[in-house]
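Descriptive analysis of the structure
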Amino acid sequence: MEQATNSIMAYGTFLALVPALVAIILALVSKEVYSSLFLGVIVGGLLLCQGTGSGFFDAVFKNGLIAKVADPYNVGILVFLVMLGAMVALMNRAGGSAAFGNWAKTHIKSKIGAQIATICFGILIFIDDYFNCLTVGSVMRPVTDRFKVSHEKLAYLIDSTAAPICIIAPISSWAAAVSGFVEGEDGLTLFIKAIPFNFYALLTILTLFLVVVWNVNIGPMKKHEMHTNAVGGNLEDLNFTSTKGRVLDLVMPIASLIVFCVLGMIYTGGYFASGDAAKGFVDAFASSDASVGLAIGSFGAFVFTVCFYMVRRVLRFGHCMACLPDGFKAMVPAILILALAWTLKGTTDALGAKEFVAGLVKGGAAGFMNFMPAIIFVIAAFLAFATGTSWGTFGILIPIVVAAFGGVDYSLMVISISACMAGAVCGDHSSPISDTTIMASAGAECNHVNHVNTQIPYVFIVAAISFVTYIVAGFTRSAILSLLFGFLVTFGTLVLLKKRAKKKGE
């Protein structure tokens, strides 16, 4: 997509976001995501070649789909997906997932308990959102199935403890990414200072617990939960080939994934380099390459798990290797959606979405200083929703925020950076073309469009509360007062929704 220049009529205008909006609207209307994404790419190709047909196929395929799939960073993510799929297949075939399900049946006594356990597990895996989505899904799906939790509800729980947790964890691939976008400032220090102002992430976590404990099912989620309660779970349908499995056969692979992925990420950041090139743990994490680190970590965990199962005589080597194609096949839908989503993002980049949004932010800065955190939150949410990327949104908006407020109003700069991160997570959380949303659907084995439709009402509620809370923060400059306001409004809103559901006889 490098051929795009200012000579393109649509460059830097609202038209830059049209391909993504076409894909999103079609996906929500048709409930078919593959063709919707591809049609969005087609629209982007037509805008790039300005409707003349010249260069159309290069824009869609050569510089689009093929270039994105061949991108080294994206290849690393695909390798990680396949290896993680193979790990899940290994744990199933070894009987580790079945053993954990039996253990959970004894220790987790209720549907609420199964959902709370899912949330807590998601909170614990704060290293990376991809890793979070697929790991939590594979481990907790048998448990939530047993207690008749719909796959749509599971996908919502996974998605809401992936990016929202990573964006408030100082040691995560997200912290590293955000730190890298801040020029002229200590990126990690700014990230830590912004955590208390990340209202969307914090309020999302609070909402999760309230929704589960009070059983607040709204919109399409109510229909899917009622259907699952009627037909029951499907744990018995899972096929495990080993009867020797123990809980240890699930715990050890998951633990190895965490350890090896951390080691892989700090390795790419220079932690194990020699001499002056060596970096400390925090610096290595901040400069790590998440794609390569996760690929290395998942490969190391796979090798360790194969050796572990062979030593325990749970599986033979041939059975372990058969899990590689099984893992790949399980991830094909997610890989296809990701490839198309990456291509779609490439068209919006080539059409100048960054320049369009930069102009909006800079144009609105004068005279609205106290409202800027709320304005930035909305712009970031819209951009992330339309492009399907939170990291891309960081890259566009954070340098603008630093340039606008750096040396002028430090406290407002911190709040605005947090608003940028919160808005990006909000848009990413609800976008059908977001890679994290796609991963959550894959982890929960949930129809992707169903996941998007059932999650959006909850996202909208928290987003609206966060917007008002950022207005409060812009005037008070206090994280404590603003959070207290946000928590009270969230609590009150969920109480009203609970009472409304009770009146309807739910």
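The structure presented is a predicted model; accordingly, all values stated were derived computationally and were not measured.

Here Ala 67 is to be found in helix α3 (residues 56–70). Sequence separation between Ala 67 and Thr 343 is 276 residues, and the spatial gap between their C-alpha atoms is 8.3 Å.

For the coordinates displayed, the defined rule picks out six salt bridges. Residue Arg 141 pairs with Glu 445 through a salt bridge whose shortest N-O separation is 3.2 Å. Remark: Glu 445 occurs in the loop between α23 (435–444) and α24 (448–476) and Arg 141 occurs in helix α7 (residues 129–146); sequence separation between them is 304 residues. Each of Arg 93, Asp 326 and Lys 329 takes part in a single network of salt bridges with overlapping partners.

Turning to the confidence of the model for the chain, a few remarks are in order. Counting all residues, the mean pLDDT for the chain is 81, and 86% of those residues have values of 70 or more. Throughout residues 234–241 the model reports pLDDT below 50, and contacts reaching past four residues in sequence, or to other chains, amount to twelve contacts.

With that out of the way, let us pick up the packing of aromatic side chains. The full count for this structure, using the stated rule, is twelve aromatic pairs. For the pair Phe 199 and Tyr 470, a centre-to-centre distance of 4.6 Å together with 55° between the ring planes defines the contact as tilted. Pair noted here: Phe 199 is in helix α12 (residues 199–214) and Tyr 470 is in helix α24, with a separation of 271 residues, a long-range link. Take Phe 199 and Tyr 470: they sit in the same class, and that class is buried. Considering the side-chain rings of Phe 371 and Phe 475, the 5.2 Å spacing of their centres and the 85° angle between planes classify their relative orientation as edge-to-face.

Take the side chain of Thr 207 next. Tracing the backbone through its elements, the reader meets Thr 207 in helix α12. Assessed through its relative accessible area of 3%, Thr 207 is described here as buried. At a separation of 2.7 Å, a polar atom in the side chain of Thr 207 contacts the main-chain carbonyl oxygen of Leu 203. Setting aside anything within four residues of it in sequence, one finds Thr 207 in contact with Tyr 156, Val 462, Thr 490 and Leu 494.

About the thresholds
- Residues numbered from 1 in each chain as written.
- Predicted model: local features only at pLDDT ≥ 70, side-chain atom pairs only at ≥ 80, totals over all residues.
- Heavy atoms only, no water.
- Helix = DSSP H or I, 4+ residues; strand = E, 2+ residues; numbered from the N terminus.
- Salt bridge = Lys/Arg side-chain N within 4 Å of Asp/Glu carboxyl O.
- pLDDT = per-residue confidence, 0-100.
- Contact = heavy atoms within 4.5 Å.
- Phe/Tyr/Trp six-rings, centres within 6.5 Å; stacked < 30°, edge-to-face > 60°.
- Buried < 20%, exposed > 50% of the residue type's maximum accessible area, 1.4 Å probe, protein only.
- Polar contact = N/O pair within 3.5 Å; in protein donor to acceptor, adjacent residues only side chain to side chain.

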